[in-house]
Each structure stands twice: as structure tokens, then as C-alpha cells.
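An overview of the molecular structure
Given next are the chains, with one letter for each unit.
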Amino acid sequence: MSAITFPEMMNDSPFGSTTRTKLFWDSDSNASPAKHLTFTDEDDDFQLKPISPKAYPTCAMESRLNKGHSAKQFVRKTDEGKDLIGDGSRNHTLPLETGKHTDLKCISSKTAAAVLRGDYDTEVDSVTIVDCRYPYEFNGGHIEGAINIYRQKELRDFMKEHRYKKDHTRNIVIFHCEFSSKRGPNLLRYMRNQDREMNKENYPNLFFPEVYLLSGGYKDFFTQHHEFCYPDSYTTMLDEQHRSELSHFRSESKKGKKGSRTQTKLFWDSDSNASPAKHLTFTDEDDDFQLKPISSKAYPTCAMESRLNKGHSAKQFVRKTDEGKDLIGDGSRNHTLPLETGKHTDLKCISSKTAAAVLRGDYDTEVDSVTIVDCRYPYEFNGGHIEGAINIYRQKELRDFMKDHRYKKDHTRNIVIFHCEFSSKRGPNLLRYMRNQDREMNKENYPNLFFPEVYLLSGGYKDFFTQHHEFCYPDSYTTMLDEQHRSELSHFRSESKKGKKGSRTQTKLFWDSDSNASPAKHLTFTDEDDDFQLKPISSKAYPTCAMESRLNKGHSAKQFVRKTDEGKDLIGDGSRNHTLPLETGKHTDLKCISSKTAAAVLRGDYDTEVDSVTIVDCRYPYEFNGGHIEGAINIYRQKELRDFMKDHRYKKDHTRNIVIFHCEFSSKRGPNLLRYMRNQDREMNKENYPNLFFPEVYLLSGGYKDFFTQHHEFCYPDSYTTMLDEQHRSELSHFRSESKKGKKGSRTQTKLFWDSDSNASPAKHLTFTDEDDDFQLKPISSKAYPTCAMESRLNKGHSAKQFVRKTDEGKDLIGDGSRNHTLPLETGKHTDLKCISSKTAAAVLRGDYDTEVDSVTIVDCRYPYEFNGGHIEGAINIYRQKELRDFMKDHRYKKDHTRNIVIFHCEFSSKRGPNLLRYMRNQDREMNKENYPNLFFPEVYLLSGGYKDFFTQHHEFCYPDSYTTMLDEQHRSELSHFRSESKKGQKGSRTQSRLHLRL
């Protein structure tokens, strides 16, 4: 009988006694079921229990256990010995370091140099350095004595020839690539997997048990120890001189993976619909192949199989298209021009230098014709373009070009080069569109293409003009965002979207306000003509408005639609252009002006053009009072904005009344209120579209901060108070809550309450508005929520609305809503928790809050070795949920007028402390579910920055006066142990089952 284990299942008993389960398999007979080994932490007894024989493969571990090995000892050794080599027989010879690949054993360049220097000759019998870079990198400089392996097939061959025997010799292997980021780690992992497979009958033996990854790779080693490199140089993977080799070796590195690979390529028979599609299957080792029928419904038919029958080698064709990354689109030949790696990895890119060489005639003997497609807008093209280029910026024009210029399948080389300003979006998109259309046009003749050789010009016109302006006419460069062409930009952006997928039909919605019986209509026309028609649509779909009647009063429908559709610089009612110069901001849906423009308005530079200016400061009152733009009004709530709009709505006349919004940075509050004004304005004018009471509104870019920095002379008082100012923290909380009141008119609030008196009495909910104190309890389904005692509490004299408002708005209230927090809060990364600073915690320990606080409990959630290495005086150490539950049972505070606070922290208060704090609150809610909102621990805090920050600032309150980190090298085994311990006993006494697979 023989058996093996490496998956593991652990069952935690409620008393800390852990039942461990290791899986073993019986290889003697299929009739004999697999078994697993179970024992506890307290004894060495174990038993083999039968499990399904289908679950795992067989191996020979059980026989090893029967040869005198202690099962428990073996399991413990491999489970806890993080520093053991792969077969668990001994510790690693070389000192390890922590790297980004946490599953691998990493060594530093300094250690590798020490090995080469001979410092470990008495401990190491042989060293093999495997350089996983491509051959041109290896030849351009490598560590002396290294071997070059960059493919899995070569690594398998190496393993077969050099497998080390299981003896007392120490043979180590060190992997690396350029940065030891991908290629080296991947091949190292592949070696270990293959080694496990080769030794599956003799687990945990390995032929190569001690393997390392060289951190930082060759680059880091060469920088520090180039004296061990030959030649004394360093060739990067992306070296310009080896671009073609990079493409080749990347493809080569993918060959031969997982032994003999089976490739499948799909082919279709175009001769008959009755003949199903087939696919071709062959291996890497031979040229045999077979065509197997597959479902005829799966793919459309094409003429490929017939091509294969005309003398083509199927395997040769598949290999050619599969590996030839440098082939043109139809796979007939390599690209004529040298390629470069660009951001668009799916496209073939050329440099400006190559494009200039083409124009200079350097490729005239190889290229028959060149077409340069400039995808910029016409004003950019006219402002300077590559000589001979054609201007195509819409899909419709590209389709027309393709129909007129499709090249025949012959031996000529006709190339097309696309570009836009930066070759970032417009050029690449049109190039992809051409290829997709070309495939569609040739779907019956795959892989033929009319335009098989197309390139993208890297860096676009900007880069080309900078380097080779002598090939540009006129010798100039107009940017897409040129200020003089802003209106054209808007127009051509719109135009570029026309004609996609044929002639586009535009539909604009209009409503008839004359009669409810008259259904709403919509206007439909095409891009090519001015004809339009009004078609009836459902009268229920939209409210009525007076637009159709306006169209009937002599307006050209298409002219009006086009005007509002293209005129991005028009004010909200489309009646005129904006008065003030606009700038591009992060809020692309809003019209933004600069601080310089706002100052010019205040200085009077626009007095002849503007009739009135209203500046709306959307900051909180304490910010406004601490400094604002002269003449500004302070509005930070929607309700106040609605009142302003009712009182100041401008008439539809020829006056120019502008409104400028801002907040501190014009990032959120200002933009949101500006959008709210526009939405309300549309609603107020829904019967008179597109009229607006406030058609010209702007956002001040950069907000008050930017304006004050540049033009403080227009501010009163001449100062700037930030939203997060420490002196106004309580006001911040208050006004944040206030700013949410009164949204969407009179708001209806609904809070859920439950009746605990009877299951027959359904749960109810409370509904009231912001304007009054009336409320009513309405029945809802008794199945929706569990019962609780809240309604009865409301009946004992509590004001329902007062209670709901208090908990709804009082962000600074403790968990049961009974009072404000005692300690000053600060904003931390855990927004759901109440955080205090190290300064506040020290003040508590110093006794500054003794008159306000009755008791303080500090819960240190770090692991015991961290706690013993230094902690806050008087803290208790709790790092598991089970211990926290016990603490809560023993120390639950009564509901009285005492103030008992609990402060949680871990090393950084990043994960362990916050998680246990949340767990306490959830358990507390559960324990008080019949007495909501009461809590046993209503006032709990998180110490921001954790013990590290506290120790740095106030080590005098720490005992011992020291700080041990969680990742301290001297406690690595304890870290593993306590991490496992911390997961025990979660959610009551939980049984854990986990499968662990080990390398």
C-alpha cells in the first residue's frame, strides 16, 4: 500500500484544540478508496479514513509514514517551516530576502556575487545560473558561467539531463531574466511543477529542491557587480537594434509548452452548405494532420479548405500565420518597413524616421505605391500636413476610398500609412475600421485583403513635424485644440460621427402643446438632405411642449436641430455664443472660465457686454466667512438655490445676465449645484423649450483656492479658510449634513420600525416630510423584517420625527445616538469608523479627559510577539474574534450616564484593528437586536496610524519603550502561526476546512 498527501484541511474546535486533516491516496488498487489522516494538536494519534478514490491521484507517501516517520511531525515540519527547501529536508543555504514574488525564494545580487566569489564553496556543491532572457540579450552580456534557457522545452531537456540524486549534496539553481519580473519567475515555477510531476510517486522528493530567484534580475546584478559579467555589457530586451529578434524570440518562447502541443485551427468548406465546417489538428512533432467535421452552424463558410487542397501544406500555413508576427495581413510576406513597438500593440507601427525615409525614396525599389491617410480634422490638415497625404476623418470617406482604390492580389507592394495628431485615437480607430471592412469585403476569400500592408505612424503629425518639417506643406502645425478653431473643432467632431455604418438617420424629439389629444411627434431626417417629417409617437412617452408650434412659425427644423447639435459654444437656450472666453476643464459638460477671466469681469473689462453678474459661492458658511470673492452670495444647499431661482429668474430679452459658480476647488459642490440649477431651469421651462431663466452659467476653474492665490485683492476678507480647517471640524460635520437637507423639494423620509408585541402585528414604517412634524405608521409585510422593540419605545413618549432626524443627521453621534462623541474626531481612510489621532490618544492617557470619561479600554489587535515587543501602557491584547467575544461578554457596559470608551488599533490601523472594531459593532448590534438602538459599547474609536504612529510621537506612554514590526525577521515563524490562529473561531466556534497544495 502506498499513499501521499499535500492538500490539508484544518478543523478548529471551540476550545483551541485543532483537528488537522491530511489527505493520502492508496495506489495499490482502484478498489481501495483513498484515505485521509486526522489527528489533533494534543496527541500523536491518527487514523486513516476512506474518501472517494476519484478525488486525487495515487502516490507513495503512506508507505514512507509506515517506515518510522511520525505523521504529525512531518505535517508540522512542512506546514510551519517557511525557510525549508522544496523537499523539506533542510533549510535554504543562501540568505533569503522578501521580493514581489512571495511564492518564490529570492536572493539579492549581493548574495549571488558572494556565491560566485566562492564565499559559499564549503556549503554548496554546485551552482547553476539559468538566464531566461532571449539569446541576443544573453550574448550582449551575462553572468559568467550562466546557461541560456528561455523556452520550456529547453528547460525540460535540462532537467532530464541534470536531475540531482537524493543525497547530502547541495546543488542550487538560480533563475533570473532582465528584471526577474516575468520570464525568470515563470520558468522557475515551471521547473518546480515539472519536478513535482516527475516525483509524484515519491513525494516530497525533488530532483531540484533548492532553487532561487535573483531579485532585480540581470539589470540590478550588472549595476552592482559587472565584474562577474561577460562581456562586461548589458543589452536590454527592448534594444532598438534587436527589434526583429524580439518579435522572433517572443514567438519562439511560446513553442513547445507542456510537451507535445496539439494545435487546432478552424477551416471552412465553401463548396456546399451540406458539407460541415472542419478543423485541422496536428502536433508540434510531425506533419500529420486530419480534418475533423464540426457543427456547420458554428461558423460561416469560406474558401480556405479549397485553398489547402490546391497544394498548400496545412501545417506550414498554420505555423506561418501563428508564429509570423511580422507578416502582413494576408500572411503572404513580411512587412516591407521596419516596425517599432507602440502603445497600440494590435497595430503595426513605424517611426517618423522610417516615414521620412519612404518619402525620401529610400524604399522605392521595394514599394510600388504609398498612401498617407491624415485622419485629423480639415482645419488641422490645412494648417500643415505631410506632402501628398489625403485627408480622411470620417468612416464614410474611408469606405469610399476603399471602394475606389482596392488593390488587386498581385506581386505589387502597396502600403497605407495612417496618422492623426498624436496617432493616439483617431488614426488608430480608422486604421482598425479599414481592416475590419477589408475582412468583411473578403470574407469569401480569406485570408486575402485589398489593403494587406497598413501602418500607423507613431507619434503622429506632431512628432513627424518636429523631426522632418521639410516634408510638410505648409511648413506649420495646427493643433486640434487651437483657440482660433474652437467652433470648427465642435463642428468636425460632430461630422466625424456622421456616416458611420452608412448614412445615419438623426431623430430629435418635439412635443405639441396645443392639445393633450395630439400625440407627441419626432423629427427625422438624414445627413444628405433637408427633408424631414413629423411622425406621431406615444403621447405617454414625453410631456408636451411648444416646440412644434415654434417650428410652424417659420423656423427650419433641420437648421434649428443642427444649430443646437453642433454649436458647443452656444449658451443654454441656443440664442447666442457665450460672452466670456471658455477653457477646457475636468467637467466637460460644464462651461468653465479661468480665474483670470473672473478677475477681468470684476475689474469691469466686460461691462459693455454683460448687464449683471452673480457669483454663487457653494462653500460652507465658515469657509465663506473666512474669505470670499467680493459681492458673492453664499448658497450651499439645493433649497436655497431653488429660492434664489424663484426670486431672480431673468426675463427672455436681450440682456446678458451671467451666473458664476464655484466652491473651494470647483471639484464637486460647485459643479453639482450648477448642474442642479440647469436641471431645475429646464423643468421650469418645459413648456417653453429651449428657453431658460439662467441661460448663461459658468464654473470657475480651480475654485476659490486658485482665485485667491492669483487675485486676492478681489477677496474680502483677504484670507482663505479651507473646508478641512482644524478649527471648524464640528462645523464641517454639521454643514455637510445640512447640505443634504431639502433636496428635490419637500423630501419624504421613511424609517422602518418593528412591533415586538405580537407576530400578528405587521411591521410598520414611519413617513413624514421636512416641513412638518406629522407622521403616520403604515403597515408593511410582516415577513420583510424581524420584529424588534422600537415601536413600543416610540409609544413611550419619544418623538418619532425627532429620533429619526437625530440619528439621520447626527454624524457625530455615538453608536446608540444618545450623545456626541467625547473625543475629537479626524477624517481617516476608514470612513465608516470614528478615528482619533495619536495626539488625542495621548491626551486621554495624560488625563486631559478624566472629567468627561469614566473608563478607557485600549484594544491592541497585533499579534502577541508584537504586543510583547512594545505596547501602549494598560492596553489589552486581542487579535482573534473569539477573544473579543469573550471580552464583550465579561465587560458589557450598562445603559447609564457613564462614558466608557474603547480604542482599537493594530500596527498601522489599516486592517486588523478596523476589522475587529467592525466585528465588535456587528456583535453588539446582534446582542441588542431586541433593544435597538441600545449598545453595550456605543463609543468606540480607531487610533489613526496605529501603534507605529503613536510610538513615533508618544513613546513615553509605551512599555517596553520599543516597537516590534509584524514582519520582524526574528519572528517569521510566529507570524505564520499567529496569522493562522487569528482565523480560528470566527463566527462563533467555526470548523475550517482548507485544501493546501504545496510546491
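Look up: the structure comes first, before these words.
Some thoughts on the sheet that holds strand 29 (residues 657–662)
- Ordered in space as 25-30-29-26-28, the five strands form an open sheet in which the pairing is parallel. Every interior strand has two partners, whereas the edge strands, strand 25 (592–593) and strand 28 (633–634), have only one.
- The pairing of strand 25 with strand 30 (residues 696–700) spans two bridges and is parallel. Residue pairing in the sheet places Ile593 in a bridge with Leu700 of strand 30.

Quick notes on the sheet that holds strand 8 (residues 147–148)
- Reading across the sheet, the five strands line up as 5-10-9-6-8 and stay open at both edges, with parallel pairing between neighbours. Each edge of the sheet is formed by a strand with only one pairing partner; in this case those strands are strand 5 (106–107) and strand 8.
- Note that strand 5 and strand 10 (residues 210–214) share two bridges and pair parallel. Across the sheet, Cys106 pairs through a bridge with Leu213, a residue of strand 10.

Notes on the pattern of salt bridges
- Applying the stated criterion across every chain, the model contains 41 salt bridges.
- For Asp605, the salt bridge is made with Arg603, and the minimal N-O distance between the two is 3.4 Å.
- A relative accessible area of 47% places Arg603 in the partly exposed class.

Observations concerning the environment of Asp330
- For Asp330, the position within the fold is in the loop between helix 10 (314–323) and strand 15 (349–350).
- On a C-alpha basis, the gap between Asp330 and Tyr446 in space is 8.1 Å, while along the polypeptide they are 116 residues apart.
- Among the polar contacts listed, one links the side chain of Asp330 to the side chain of Ser332, at a separation of 2.7 Å.

With respect to the side chain of His628
- Mapping His628 onto the fold places it in strand 27 (residues 628–629).
- Residue His628 is classed as buried on the basis of its relative accessible area, which comes to 14%.
- In contact with His628, other than residues within four places in its own chain, are Asp617, Arg619, Tyr704, Phe714, Cys715, Tyr716 and Pro717.

As for the packing of helix 3 (residues 109–117) against helix 7 (residues 217–225)
- Where helix 3 contacts helix 7, the two axes come as close as 9 Å, and the packing angle between them is 65°. When the axis of helix 3 is compared with that of helix 7, the two are roughly perpendicular. Crossing hand, helix 3 versus helix 7: right-handed. In this structure, helix 3 contributes Ser109, Lys110, Ala112, Ala113 and Leu116 to the contact, and helix 7 contributes Asp220, Phe221, Gln224 and His225.
- Partitioning the contact of helix 3 with helix 7 into residue classes produces four nonpolar, three polar and two charged.

Things to note about helix 11 (residues 352–360)
- Every buried residue belonging to helix 11 is among Ser352, Thr354, Ala355, Ala356, Ala357 and Val358, and all of these are buried.
- Where helix 11 terminates, the next one or two residues include Gly361, which has phi positive at roughly 100°.

As for the pairing of strand 36 (residues 855–860)
- Looking at chain direction, strand 36 and strand 39 (residues 900–905) are connected through six bridges and run parallel. Residue Thr857 lies in a different strand from strand 39, and its bridge partner there is Val902.
- In this structure, strand 36 lies alongside strand 38 (residues 876–877), joined through two bridges in parallel fashion. Considered in strand 38, the bridge of Asp860 is made with Asn877.

What to know about the environment of Phe644
- Along the chain, Phe644 turns up in helix 21 (residues 638–648).
- For Phe644, a relative accessible area of 7% translates into the label buried.
- Along the chain, Phe644 and Met677 lie 33 residues apart, while their C-alpha atoms are 10.0 Å from each other.
- When residues no more than four places from it in sequence are discounted, the contact partners of Phe644 are Thr614, Ile633, Ile635, Met677 and Phe694.

Thoughts on the pairing of strand 9 (residues 171–176)
- With six of six residues buried, strand 9 lies mostly within the body of the structure.
- Here strand 9 shows two buried faces, one formed by Asn171, Val173 and Phe175 and the other by Ile172, Ile174 and His176.
- Inspection of the sheet shows strand 6 (residues 126–131) paired to strand 9 by six bridges, in the parallel sense. Across the sheet, residue Ile129 finds its bridge partner in strand 9, namely Ile174.
- Taken together, strand 9, helix 6 (residues 183–198) and strand 10 constitute a β-α-β crossover, and its handedness is right-handed.

Brief notes about the packing of helix 21 against helix 22 (residues 669–684)
- The geometry of helix 21 relative to helix 22 is characterised by a closest axis approach of 11 Å and an angle of 45° between their N-to-C directions. Considering the angle they form, helix 21 stands oblique to helix 22. Between helix 21 and helix 22 lies a crossing whose hand is right-handed. Facing helix 21, whose interface residues are Gln638, Leu641, Arg642, Phe644 and Met645, helix 22 presents Leu673, Tyr676, Met677, Gln680, Asp681 and Met684.
- Its residues placed into classes, the contact of helix 21 with helix 22 shows seven nonpolar, two polar and two charged.

Some points on helix 15 (residues 460–468)
- Turning to helix 15, its buried residues are Gly460, Tyr461, Phe464, Phe465 and His468. Viewed along the axis of helix 15, the buried residues span an arc of 135°, placing them on a single side of the element.
- Tucked into the core, helix 15 has its buried residues touching helix 11, strand 17 (385–386), strand 19 (414–419), strand 20 (453–457) and strand 21 (472–473).

Notes on the packing of aromatic side chains
- Enumeration over the complete set of coordinates arrives at 40 aromatic pairs.
- Consider the rings of Tyr379 and Phe492, whose centres lie 6.1 Å apart with planes at 35°: the pair is tilted. Residue Tyr379 is located in helix 12 (residues 378–382), and its partner Phe492 is located in helix 16 (residues 486–496); the two are separated by 113 residues in the primary sequence. Each member of the pair, Tyr379 as well as Phe492, is classed as buried.
- Seen in terms of ring centroids, Tyr461 and Phe465 are 5.8 Å apart; in terms of plane orientation they differ by 25°. Their pairing is stacked. Note that Tyr461 and Phe465 are positioned in helix 15 at a spacing of four residues, about one turn of the helix. No difference in accessibility class separates Tyr461 from Phe465, as the two residues are buried.
- Three or more aromatic residues joined by ring pairs form one cluster here, namely Tyr134, Tyr136, Tyr150 and Phe249.
- A cation over a ring is seen here: Arg892 above Phe936, with NZ or CZ 4.8 Å from the ring centre.
- A cation over an aromatic ring shows up here: Arg912 above the ring of Tyr863, its NZ or CZ 4.6 Å from the ring centre.

Rules behind the numbers
- Residues numbered from 1 in each chain as written.
- Predicted model: local features only at pLDDT ≥ 70, side-chain atom pairs only at ≥ 80, totals over all residues.
- Heavy atoms only, no water.
- Pairing = 2+ DSSP bridges.
- Helix = DSSP H or I, 4+ residues; strand = E, 2+ residues; numbered from the N terminus.
- Salt bridge = Lys/Arg side-chain N within 4 Å of Asp/Glu carboxyl O.
- Buried < 20%, exposed > 50% of the residue type's maximum accessible area, 1.4 Å probe, protein only.
- Polar contact = N/O pair within 3.5 Å; in protein donor to acceptor, adjacent residues only side chain to side chain.
- Contact = heavy atoms within 4.5 Å.
- Axes fitted to C-alpha atoms, helices over the stretch in contact; angles between N-to-C directions.
- Parallel < 35°, antiparallel > 145°, perpendicular 65-115°, else oblique.
- Left-handed = near helix turned anticlockwise from the far one by under 90°.
- Nonpolar A, V, L, I, M, F, W, Y, C, P; charged D, E, K, R; others polar.
- Right-handed = clockwise from strand over helix to strand, strands pointing away.
- Arc of directions from axis to C-beta.
- Phe/Tyr/Trp six-rings, centres within 6.5 Å; stacked < 30°, edge-to-face > 60°.
- Lys NZ or Arg CZ within 6 Å of the ring centre and 35° of its normal.

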